[in-house]
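Descriptive analysis of the structure
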There are 4 protein chains.
Amino acid sequence: MTFSTQSKGVYAIAATPFHDDGTIDFTSVDKLTDFYQESGCTGITILGIMGEAPKLEPDESRAIIKRVVERAKVPVIVGISAPGFAAMRSLAKSSMDMGAAGVMVAPTPALRTDDQIVNYFASAVEAIGDDVPWVLQDYPLTLNVVISPGVIAKIISDHPSCLMLKHEDWPGLEKISKLRAMQKSGELREFSILCGNGGMFLDFEPERGADGAMTGYGFPDMLTELVNLSAAGKRDEAHDLFDSHLPLIRYEQQLGVGLAVRKHVLKRRGVIASDAQRKPAQMPTQTARAEVDYLLERLAKHDKRAAI
Amino acid sequence: MTFSTQSKGVYAIAATPFHDDGTIDFTSVDKLTDFYQESGCTGITILGIMGEAPKLEPDESRAIIKRVVERAKVPVIVGISAPGFAAMRSLAKSSMDMGAAGVMVAPTPALRTDDQIVNYFASAVEAIGDDVPWVLQDYPLTLNVVISPGVIAKIISDHPSCLMLKHEDWPGLEKISKLRAMQKSGELREFSILCGNGGMFLDFEPERGADGAMTGYGFPDMLTELVNLSAAGKRDEAHDLFDSHLPLIRYEQQLGVGLAVRKHVLKRRGVIASDAQRKPAQMPTQTARAEVDYLLERLAKHDKRAAI
Amino acid sequence: MTFSTQSKGVYAIAATPFHDDGTIDFTSVDKLTDFYQESGCTGITILGIMGEAPKLEPDESRAIIKRVVERAKVPVIVGISAPGFAAMRSLAKSSMDMGAAGVMVAPTPALRTDDQIVNYFASAVEAIGDDVPWVLQDYPLTLNVVISPGVIAKIISDHPSCLMLKHEDWPGLEKISKLRAMQKSGELREFSILCGNGGMFLDFEPERGADGAMTGYGFPDMLTELVNLSAAGKRDEAHDLFDSHLPLIRYEQQLGVGLAVRKHVLKRRGVIASDAQRKPAQMPTQTARAEVDYLLERLAKHDKRAAI
Amino acid sequence: MTFSTQSKGVYAIAATPFHDDGTIDFTSVDKLTDFYQESGCTGITILGIMGEAPKLEPDESRAIIKRVVERAKVPVIVGISAPGFAAMRSLAKSSMDMGAAGVMVAPTPALRTDDQIVNYFASAVEAIGDDVPWVLQDYPLTLNVVISPGVIAKIISDHPSCLMLKHEDWPGLEKISKLRAMQKSGELREFSILCGNGGMFLDFEPERGADGAMTGYGFPDMLTELVNLSAAGKRDEAHDLFDSHLPLIRYEQQLGVGLAVRKHVLKRRGVIASDAQRKPAQMPTQTARAEVDYLLERLAKHDKRAAI
C-alpha cells in the first residue's frame, strides 16, 4: 500500500471541510480521512483543484497536510500546482518533511507546444528535487493544456520520480490504450494510471489498462468496489454497479456545482459536519439540491449506501 | 408542427451519410430523414457541427438542404455558422429559398465581451435579414464563447426573428431556470429552448423549463419518448428510460469519437448504409466498437430498440 | 521572379478595395495591383486575413483572384484558410486553374499538440493536392496556434510542395535563426521565409535569415527599399529608413484599427478610391485619423513618399 | 506625490535584481529604487509580472516589499495577483502593514463574461478589504481577459478603493478616450490612468487622457521626460523623444525576451549588478544582445543616456 509505479485502487481526491463560518473543520478532516480509508481507498490526494486549495492561507494548507498525513495509514499525495516554481518547491518540501508520500503537479495553463510542456515538467522536477515522487496530472478540460501520449511518455521517461499519471483527458480511453501499448512494447517503463473526471468512464478505464481511480465522487466505497470487481474480471457486475451510480456521477460532473454536490452528499452521509465552501463558492440552488436528493433516492433502490 | 417560439419536442441533429468512397449517400439521407420523422422528431437540423458541414463543398451543402427539405414534413433548420457574414448570408438565402424553416447561428470563437457577442448577432441578423427565423446556439465547450443569461436575454429581445435557443452550456441547468424566470417576470418574451450536449442532462432539463432536445443521439425515438413522458408528468418513468440509455449517451459524449459512435449505431439500426466519415475522420478503434456493442447489448435488456 | 523556395523581396498582402456602397471596386483592384508591382514587390498575396476574405461571397473571391492574376506580372498567392478542407480544396483548385502561383494555409485555431498541427497540414496537403505550391502561415497571436521550430521543420520536410514560411510569430527573431541553423546543418531543406507582423521587426529579420517581408504596410515601396538595403549590406541606412517609418508601422499594428489605417494611407496615396470596409468594419475615429495624418506629416520629413 | 485618483507621471514597474547565483541582490534593489526616484518616477510598482514575482518564496516577497517601501519616498504599489483570494488577502495585508501605498490586482485568466469579471473584482475587494487602495490591471494580451469600457466603469463605480487603471489593452487608444468621455459626461468618477505595454503608444496616450505610464522600460528617465513634455503641450518634442526610443521600446516588447533586455539595459546603465533571472529564465542569445547594443548605439546619437 505504498505510492509506487504499481499503485492500484482508488486515491480519494479529498474535499476540505469547513465550518459554516469558513474556518477549517479539523474534526471533519479526521472523519473524512477515516472514511476514505474505511471505504477501501488505497491513497488520499489533498489540496487538489476540488480541495479548494487556492482559498487556503499557506499556514492552513500546511496544517491540513500535517493533520491528514499524521492520521492516514495510506499514502497521502499533496497537490502543489502553483503559478511559480518557488511556491511549488516550498510546498513540496513541507509536504515531504511532514510525511507525504508524494506530490501532484499539473501543467500551467499557458503551455502550448510539446517542447514547452516537456520543459515545464523538467523545471518543476528541478525545483522540487528529483527525489520527490510525483503524479503527473493530465486534465485538458480545465487546464487547457493538451498533452499527447508521446509527450506523456517523454516526461515519464525523463523523470524516474514520476510514478503515476492522473488521467483525466476526455475523450481519454484511447490514450490509456496507447500508453499501455507503448509500455508493453518496451518503449515506456512501468507507471501507475489512476483516472479522474469524476469517474465518468470508470466502467471501461480499467479494461483499457488503468489501475484505478483518483477522484472525489461522494461514494468512494463504490469506486473501490467497482475497481475490485473489474480487477476480478466480473465485468457485468462492475457495469451494473457503475450504471446505477452514473446518473449521480454525471450530475457531479458539472464544474462549480460538482463540489457543492460532493459536499452535500458527504454531509448527508454523515462524514462532514457542513457542506460550507469558502468564498467564492458556488452553492447549489434549492432545485439542484432536490435533484440530487431525488437521484440519491433512485440510487438507494440499487445501492443501500445511498439510503441516507 | 411549425418552427416557432412555441416549438417543442425533439429536433434531430442530422448526421450526413456518406458512401464508403466519401460521396454523399442520398438514399441514406432519405432514409435518415424518414427515420427521424418516424421517431417522432418535430424538426430536423442539418449541417450542424456533427453533420460534417465543413467537409462539404458549397454545392453539396445545397444539394443536401434541397433533398431533406423536399422530403421532410417537419421543419428543417440549417446550420449556417461560418467565419464571415457573406457566407452566412448566402447560405441563409439559399436555405430559405429552398424551403427551410430557419437557420442556426453560433457565435464565432473569437468573441469575448458581452458587447462583442451582442454586436456579433446584430451583424448576423443584419446579414441574413431580420425576416429569417433563427436559432441561437449556446455551446461554450466547443465554441469557447460564454454567453451569460443576461446576454441571451438581450439578443432575444433585440431580435424578434430569434425563435429558439439551442442550449448546450455545461453546467446549464441553472441557466434554463434563470431564463424561464426572466420570462415569467415579464422581462423576456416567449422563446423555445431545446437542449443539446448529446442529451446528457435531458432527465432534468424539461423540469427546468426546456421544451425538449436538439441533439443527434442514435436513438431519437428514445429522446421523443423521454420528452413526452416528461411532458406528461411521468417523472419516474422518464428517469428510468433515461438512466437505461445514459451509459451510451455518456459514451457518445466524447468529442470526435461521438460522431463515429452515432454513425455506428445508425448503421447497426439499419438507417444508414455506411458509417463512413469524410476526412479528417476519427474512426472508432476495434476496442471502442466492441465497447459500444457491449453497451448496446446491455441496453437491449431495458429497451428493445437496442437489440440490433 | 517565380514563387519558389528561393523567393526573396516583398510579397504585398493586398487589401480588397470596395466602393463606399460595399461593392468591389475593380478599378482600384487594378490600380492596387499595379502599385504593388511599381513598388518593387516580387509577389502579391490576396484573400488573406487583412484582405477581408471572409466578407466576400465565393463568386466575389473568384472574381478578385481572376482580376489580380490576369493583371499581375508577379506571382500571386491566394489565402485559402477555411474551417473545412472541402472549401480549401475547392478554392485552391479555382486559384490554380486561374493562374495563381500558389496558396497560403494557416492552422485552424483549435490545434494544440505538435501531432495535431503536423496532421492538420498533412490533411490540408492531401485535400489540395501535393502538386499545389503553398505557403505555411505561422501567426500565433491571431490564430492562437503555437508552432515550434521542430514542427515547422517537420511540415517542411514532409511536404515538398511547401515552398515558403510566412513568419509572424512574436517574439520571432530566434525562430528564424533556429530554422536557418537547421537548414545550414543539413537537417532541413531550402525554403523561403517572408515576415509579417506588419513589418515590426523587419530591421532585424533579414539579418537573421529572412528573405524579406509578406505584409500589407501602406508603403510597400519602403519595404522593398528596406529589404534591398539590407541585402546590399547597408545596415545603417536600412535601420535609418526603418526607424523613420516605425511610428506608423507601430500604429498600424493595432488589430482591427490596422486595416482602417492601411486603407486610409492607400487612399491618401491615391491608390484606392475609397477606404471603405465591408461590415463588420472597424472604422478609425476622427482622432485616430488625425493621429495617422500627424504621423504621416512627421514621416514626410524623412521620406517624401509620405508627403501626401 | 501620493497614490490617489489624481496620480500622474510614471510608476516604474520594478525589476527584481538577483545575484548570478539566484539569490536576491538587495544592494541592487536599493540602487534600483533610488534610480527610479532620480529618474523622476512618481511611484514604483513591485512584484508585477515583470518582477518575477512567481519565482519568489513568500518570505522573499515580503523582504523585497519591506526593503523598497522603507527606502522609497514615492508611493509603492505591490502586485498581489494570485490564483486564490486567500493569498491575495494575506499579501495585501502584509504590504499595507509594511507601508505600501496600495496593491495591484489583475483578473484571473479563466474569466469570460462581463458578470464574471465584475464579480471577481467584488470578491477580490471583499478579500483584501475595501479600505485598501488598489490598481485595476487591464492586460488582455497576457491575461486573456477582455474588459470592455463599460465593465471597467462598473468596477470603478462599485469600488471607491479602486484609484487607478493600469491600462495595457492593445489596441487601447479608443478605450482611454471612451473612459475619459464617460468621466466628462459625469457617468464615471475621477480615477487615474497609467499605461503599460512597455510604452509602445506613450506618444499618443497622454493626448487621449492618460495620466502617464506604468511600465518597466530601461529608460524611466526618458518616460518621465516624455510625460512631462506631453503635459507641457510640447507635442513635437515629445514625439521626437519618443520616436528616438521606439526601436528599443519595440525590441523590449517581446514576451520573455523583454525582461532579459530590460535587465541587460539596467545593468549596462550601472543600476543593477547582474542581469541574472531566476529559472525558468529566457536569456538573450548573443545575437539578441548584439542587436540591443546596436540599438543603444543608434539611440545614443539622439539621447546621451544611451551612451553606455
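To keep things clear, this report deals only with the structure shown in the data block. Everything quoted here is computed from the prediction, not taken from an experiment. (Residues numbered from 1 in each chain as written. Chains lettered and ligands numbered in written order. Predicted model: local features only at pLDDT ≥ 70, side-chain atom pairs only at ≥ 80, totals over all residues. Heavy atoms only, no water.)

What about the overall build of chain A?
From N to C terminus, chain A includes 12 helices and 8 strands. A compact globule built from 308 residues would reach a C-alpha radius of gyration of about 19 Å, and chain A, at 18 Å, matches this within 12%. In terms of its C-alpha atoms, chain A occupies a principal-axis envelope of roughly 50 × 45 × 35 Å. When the 308 residues of chain A are sorted by exposure, 64% land in the buried category. (Helix = DSSP H or I, 4+ residues; strand = E, 2+ residues; numbered from the N terminus. Rg over C-alpha atoms; globule rule 2.2 N^0.38 Å. Buried < 20%, exposed > 50% of the residue type's maximum accessible area, 1.4 Å probe, protein only.)

A few points about the pattern of salt bridges
Going through the model one piece at a time under the given rule, you end up with 112 salt bridges over all chains. Where Lys175(A) meets Asp138(A), a salt bridge forms, and the shortest distance between an N and an O atom there is 2.6 Å. A residue pair is termed long-range when its members are at least 10 positions apart, and Lys175(A) in helix α7 (residues 173–184) and Asp138(A) in strand β5 (residues 134–138) qualify at 37 residues. In terms of burial, Lys175(A) and Asp138(A) fall into one category: buried. The salt bridge involving Arg269(B) is made with Asp221(B); its shortest N-O contact spans 2.5 Å. Of the two residues, Arg269(B) is situated in the loop between α11 (257–268) and α12 (286–300) and Asp221(B) in helix α9 (residues 220–231); the sequence distance between them amounts to 48 residues. For the pair Arg269(B) and Asp221(B), one class covers both residues: buried. One network of salt bridges, in which partners are shared, links Asp30(A), Asp34(A), Arg67(A) and Arg71(A). (Salt bridge = Lys/Arg side-chain N within 4 Å of Asp/Glu carboxyl O.)

Overview of the relation of the copies chain A and chain B
Here chain A sits on chain B after a turn of 180° about the axis and a move of 0.0 Å along it, with an RMSD of 0.0 Å. Both chain copies can therefore be described as sitting about a two-fold axis. Mapped onto chain B, 100% of the interface residues of chain A again fall at the interface, so both copies present the same surface. (Least-squares fit on C-alpha atoms with pLDDT ≥ 70 in both. Contact = heavy atoms within 4.5 Å.)

Some remarks on the packing of helix α2 (residues 58–71) of chain D against helix α3 (residues 85–98) of chain D
All names here are of chain D. Two elements in contact, α2 and α3, have axes whose closest approach is 9 Å; the angle formed by their N-to-C orientations is 25°. It follows that α2 is roughly parallel to α3 by the angle criterion. For the pair α2 and α3, the sense of crossing is right-handed. Facing Arg62, Ile65, Lys66 and Val69 of α2, the residues of α3 in contact are Ser90, Leu91, Ser94, Ser95 and Met98. Here the residues of the contact of α2 with α3 sort into 4 nonpolar, 3 polar and 2 charged. (Axes fitted to C-alpha atoms, helices over the stretch in contact; angles between N-to-C directions. Parallel < 35°, antiparallel > 145°, perpendicular 65-115°, else oblique. Left-handed = near helix turned anticlockwise from the far one by under 90°. Nonpolar A, V, L, I, M, F, W, Y, C, P; charged D, E, K, R; others polar.)

Details of the sheet that holds strand β5 (residues 134–138) of chain D
All names here are of chain D. With respect to topology, 8 strands assemble into a closed barrel ordered β1-β2-β3-β4-β5-β6-β7-β8, the strand pairing being parallel. Taken pair by pair, the neighbouring strands of this sheet meet at an average axis angle of 25°, ignoring direction. In terms of strand pairing, strand β2 (residues 43–46) meets strand β3 (residues 76–79) through 3 bridges, oriented parallel. Within the sheet, the bridge partner assigned to isoleucine 46 lies in β3 and is valine 78. Here helix α6 (residues 149–158) sits on the sheet in contact with β5 and β6 (162–167), set at roughly 170° to β5. (Pairing = 2+ DSSP bridges.)

As for the interface of chain D and chain C
A common way to state how big an interface is: give the accessible area lost once the parts meet. With 31 residues of chain D at the contact, the number on the chain C side is 31 residues. Between chain D and chain C, roughly 2800 Å² of surface is buried when both sides are summed, and carbon and sulfur atoms account for 57% of that area. Taken as a group, Arg250(D), Tyr294(D) and Arg298(D) account for 23% of the area that chain D buries against chain C, more than any other trio of residues on that side. The tally of links between chain D and chain C comes to 8 salt bridges. (Buried area = accessible area lost by both parts, 1.4 Å probe.)

Brief notes about the pairing of strand β6 (residues 162–167) of chain C
All names here are of chain C. A large share of β6 lies buried, amounting to 6 of its 6 residues. Relative to β6, strand β5 (residues 134–138) runs parallel, the two sharing 5 bridges. Within the sheet, the bridge partner assigned to aspartate 138 lies in β6 and is histidine 167. Across 4 bridges, the pairing between β6 and strand β7 (residues 192–195) is parallel. Bridging from a neighbouring strand, lysine 166 pairs with leucine 194 of β7. Following the chain from β6 across helix α7 (residues 173–184) to the adjacent parallel β7, one finds a crossover that is right-handed. (Right-handed = clockwise from strand over helix to strand, strands pointing away.)

A few points about the packing of aromatic side chains
Taken as a whole and judged by the stated rule, the model has 34 aromatic pairs over all chains. On the numbers, 5.6 Å between centres and 90° between planes, the contact of Tyr120(B) with Phe121(B) is edge-to-face. Taking relative accessible area as the criterion, Phe121(B) reaches 0% and is therefore assigned buried. Where Tyr217(B) meets Phe219(B), the ring centres are 5.7 Å apart and the plane angle is 45°; that geometry is what we call tilted. On the basis of relative accessibility, which here comes to 1%, the residue Tyr217(B) falls in the buried class. An aromatic cluster of three or more residues is present, and its members are Phe85(A), Tyr120(A), Phe121(A) and Trp134(A). We note Arg180(A) situated over the ring of Phe191(A); from NZ or CZ to the ring centre the distance is 4.9 Å. (Phe/Tyr/Trp six-rings, centres within 6.5 Å; stacked < 30°, edge-to-face > 60°. Lys NZ or Arg CZ within 6 Å of the ring centre and 35° of its normal.)

A few points about the environment of Glu225(D)
Mapped onto the elements of the fold, Glu225(D) is located in helix α9 (residues 220–231). Distance in space between the C-alpha atoms of Glu225(D) and Cys41(D) is 9.9 Å, their sequence separation being 184 residues.

What to know about the sheet that holds strand β7 (residues 192–195) of chain B
Residue and element names in this part refer to chain B. If you trace the 8 strands once around the closed barrel, you get β1-β2-β3-β4-β5-β6-β7-β8, paired in parallel fashion. With strand direction ignored, the average angle separating the axes of adjacent strands in the sheet is 25°. Taken together, the 3 bridges between strand β4 (residues 102–105) and strand β5 (residues 134–138) define a ladder with parallel strand orientation. What sits directly across from methionine 104, in β5, is valine 135.

A look at α9(B)
Residues and elements named next belong to chain B. When the terminal C-alpha atoms of α9 are compared, their 16 Å separation across 12 residues agrees well with the 16 Å that a helix rising 1.5 Å per residue should span. Most of α9 is tucked away: 9 of the 12 residues are buried. Along α9, the residues that are buried comprise Pro220, Asp221, Met222, Leu223, Thr224, Leu226, Val227, Leu229 and Ser230. Buried residues in α9 make contact with β1 (9–13), α1 (26–38), α8 (205–208), β8 (212–215) and α10 (235–252). (Expected span 1.5 Å × (residues − 1).)

Quick word on the pairing of strand β1 (residues 9–13) of chain A
Residues and elements named next belong to chain A. Taken across its 5 residues, β1 has 5 buried, putting it largely inside the fold. Direction of pairing for β1 relative to strand β8 (residues 212–215): parallel, over a ladder of 4 bridges. Note that in β8 the partner of valine 10 across the bridge is alanine 213. Of the strand pairs in this sheet, β1 and strand β2 (residues 43–46) are connected by 3 bridges, and their pairing is parallel.

Quick look at helix α10 (residues 235–252) of chain C
Residue and element names in this part refer to chain C. End to end, α10 covers 24 Å across 18 residues, agreeing with the expected 26 Å (1.5 Å per residue, within 8%). Its axis deflected by about 50° at leucine 246, α10 carries its strongest bend there, up to four residues before the proline proline 247. With respect to burial, α10 is a largely interior element, 14 of its 18 residues being buried. (Bend = angle between axes of the 7 residues up to and from the residue.)

Re the interface of chain A and chain B
Between chain A and chain B, the contact holds 31 residues from the first and 31 residues from the second. Both faces combined, the contact of chain A with chain B buries some 2800 Å², and carbon together with sulfur accounts for 57% of it. Taken as a group, Arg250(A), Tyr294(A) and Arg298(A) account for 23% of the area that chain A buries against chain B, more than any other trio of residues on that side. Connecting chain A to chain B are 18 residue pairs in polar contact (both at pLDDT 80 or more). Of all the secondary structure elements, the ones that give two or more residues to the side of chain A that touches chain B are α7, α10 (235–252) and α12 (286–300) of chain A. (Polar contact = N/O pair within 3.5 Å; in protein donor to acceptor, adjacent residues only side chain to side chain.)

Overview of the side chain of Lys175(A)
Residue and element names in this part refer to chain A. Lysine 175 sits in the buried class, given a relative accessible area of 7%. A polar atom in the side chain of lysine 175 sits 2.6 Å from the side chain of aspartate 138. For lysine 175, the side chain forms a polar contact with the side chain of aspartate 169, separated by 2.8 Å.

Examining the packing of helix α11 (residues 257–268) of chain C against helix α12 (residues 286–300) of chain C
Geometrically, a packed helix pair is captured by the angle between its two axes and the distance between the axes. Residues and elements named next belong to chain C. At a minimum axis distance of 11 Å, the contact between α11 and α12 shows a crossing angle of 55°. In this view, α11 runs oblique relative to α12, as classed from their interaxial angle. As α11 packs across α12, the resulting crossing turns out to be right-handed. Across the interface between the two elements, Val261, His264, Val265 and Arg268 of α11 pack against Arg289, Val292, Asp293 and Leu296 of α12. A breakdown of the residues in the contact of α11 with α12 according to their chemical character gives 4 nonpolar, 1 polar and 3 charged.

Things to note about the environment of Val29(D)
Residues and elements named next belong to chain D. Inspection of the secondary structure puts valine 29 in helix α1 (residues 26–38). Judged by relative accessible area, which is 5%, valine 29 ranks as buried. Along the backbone, valine 29 and alanine 15 are 14 residues apart, and their C-alpha atoms lie at a distance of 8.6 Å.

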